[in-house]
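This is what each chain is made of:
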Amino acid sequence: AQSVTQLDSQVPVFEEAPVELRCNYSSSVSVYLFWYVQYPNQGLQLLLKYLSGSTLVKGINGFEAEFNKSQTSFHLRKPSVHISDTAEYFCAVINNFNKFYFGSGTKLNVKP
Amino acid sequence: ETGVTQSPTHLIKTRGQQVTLRCSSQSGHNTVSWYQQALGQGPQFIFQYYREEENGRGNFPPRFSGLQFPNYSSELNVNALELDDSALYLCASSSDRGRYEQYFGPGTRLTVT
């Protein structure tokens, strides 16, 4: 069985500060990893994905994530956040059987 | 290019009733996945349809069923509604080429009373 753990349910941060949203996964098979963002009353938007290759993945809106196989982590980072980054962020994995597993989400609250 | 659309946007049903939710996939996409997102939780995978056939299912009872049509649009049907079925239902589409890149619709908010 697979699971995704997002360790922080809420992360408050001041504007222009760096942020890291943590994600750990458990899996006995190869996985593909994703981060999605959800703005209020909207669907999910893909930020970035890791399928293979370089473990440092760059996404939209200045976000990046690093795949760490030994620590089974895929933490999301941004060096300087904006008010507009306030949203909920979901980490997800997909296995060889086309099943997506999402974490419980981290609410990023960027304060002026 | 039209994105993923879902209808209706909101729905209120009574316990025991049946409901049908609809999803139109993005142009060129032949795969549709459905998710249930309860309040304060991440989306839970219900099932996926690929070229009109079910292609994977999560831990949901048989009263959750689906269809995919030749134009790759899809329906999610839920029978014998329970209070716990109240949630945001998300549909996502993807193509063969971008198989793991799913594009989500805005969702249907279902409230069961």
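Description of the structure in this document. Keep in mind the model is a prediction, meaning the values are calculated, not measured.

Regarding its fold elements, chain A presents zero helices and 12 strands. Taking 13 Å as the expected radius of gyration for a compact globule of 112 residues, we find that chain A reaches 13 Å, a close match to that expectation. On the principal axes, the C-alpha backbone points of chain A span a range of 40 × 30 × 20 Å. The buried share among the 112 residues of chain A stands at 45%. When contacts within chain A are restricted to residue pairs at least 6 apart in sequence, long-range pairs at least 24 apart make up 54% of them. In the structure as shown, chain A presents an accessible area of about 5500 Å², 50% of it carried by carbon and sulfur atoms. Both charge centroids of chain A, one from 9 positive and one from 8 negative side chains, sit 8 Å from each other.

Across the boundary between the two partners, chain A contributes 19 residues, which contact 19 residues of chain B. A salt bridge links Lys49(A) to Glu101(B); the shortest N-O distance between them is 2.8 Å. Across the chain A-chain B interface, the total number found is two residue pairs in polar contact (both at pLDDT 80 or more). Looking at the side of chain A that touches chain B, the elements with two or more residues in it are strand 5 (32-38), strand 6 (44-50), strand 10 (87-94) and strand 11 (100-102) of chain A. Residue contributions to the side of chain A that touches chain B peak at four residues, all from strand 5 of chain A. Considered class by class, the residues forming the side of chain A that touches chain B number 11 nonpolar, six polar and two charged.

Okay, the side chain of Glu88(A) next. All names here are of chain A. With respect to the helices and strands, the residue Glu 88 is situated in strand 10. Despite being buried, Glu 88 has no salt bridge partner; Lys 107 is the closest side chain of opposite charge, sitting 4.8 Å away. Discounting chain neighbours no more than four positions away, the residues touching Glu 88 are Tyr 36, Val 37, Gln 38, Ser 104, Gly 105, Thr 106 and Lys 107.

By size, the foremost hydrophobic cluster in this structure holds 27 residues, and its most contacted members are Trp35(A), Leu48(A), Leu76(A) and Tyr89(A). Elements that contribute at least two residues to this core include exactly strand 2 (10-14), strand 3 (19-21), strand 5, strand 6, strand 8 (64-68), strand 9 (73-78), strand 10 and strand 12 (106-111) of chain A. The element that contributes the greatest number of residues to this core is strand 10 of chain A, accounting for four residues. Ignoring any residue separated from it by four or fewer positions in sequence, one finds Tyr89(A) in contact with Gln6(A), Leu21(A), Trp35(A), Tyr36(A), Val37(A), Leu47(A), Phe63(A), Leu76(A), Gly105(A), Thr106(A) and Leu108(A). Counting 20 residues, the second largest nonpolar core, distinct from the first, contains Leu21(B), Val32(B), Phe64(B) and Leu76(B).

Conventions and cut-offs
Numbering of residues starts from 1 in each chain and follows the order in which that chain's sequence is written. Here every chain gets a letter starting at A, and every ligand a number starting at 1, in the order they are written. Predicted model: local features are reported for residues with pLDDT of at least 70 only, side-chain atom pairs are reported and counted for 80 or more only, and whole-chain, interface and lining totals are derived from all residues. For the side-chain quantities, the full set of heavy atoms in the structure was used; hydrogens and water were omitted. Numbering of helices and strands runs from the N terminus; a helix is a DSSP stretch of H or I covering at least four residues, while a strand is a stretch of E covering at least two. In this treatment the radius of gyration is a C-alpha quantity, and the globule benchmark scales as 2.2 Å times the residue count to the 0.38 power. Residue burial is assigned from relative accessible area. The probe radius is 1.4 Å, only protein chains are included, and a residue is buried under 20% of its type maximum, exposed over 50%, and partly exposed in between. Contact between two residues is taken to exist if any of their heavy atoms lie within 4.5 Å; hydrogens are not considered. For the accessible areas, the method is Shrake-Rupley and the probe is 1.4 Å, while residue cover comes only from the protein chains on display. Counted charges follow a simple rule, with Lys and Arg positive, Asp and Glu negative, and His plus the chain ends left uncounted. Taken as the charge location is NZ of Lys, CZ of Arg, CG of Asp or CD of Glu. Any carboxyl oxygen of Asp or Glu within 4 Å of a side-chain nitrogen of Lys or Arg constitutes a salt bridge here. By the criterion applied in these results, polar contacts are pairs of N or O atoms within 3.5 Å in which, for protein atoms, one can donate a hydrogen and the other can accept it, and in which residues neighboring in sequence qualify only through two side-chain atoms. Each residue gets one label: Ala, Val, Leu, Ile, Met, Phe, Trp, Tyr, Cys and Pro are nonpolar, Asp, Glu, Lys and Arg are charged, and the others, such as Gly, are polar. Residue types Ala, Val, Leu, Ile, Met, Phe, Trp, Tyr and Cys, when buried and joined through side-chain atoms within 4.5 Å, form a set referred to as a nonpolar core.

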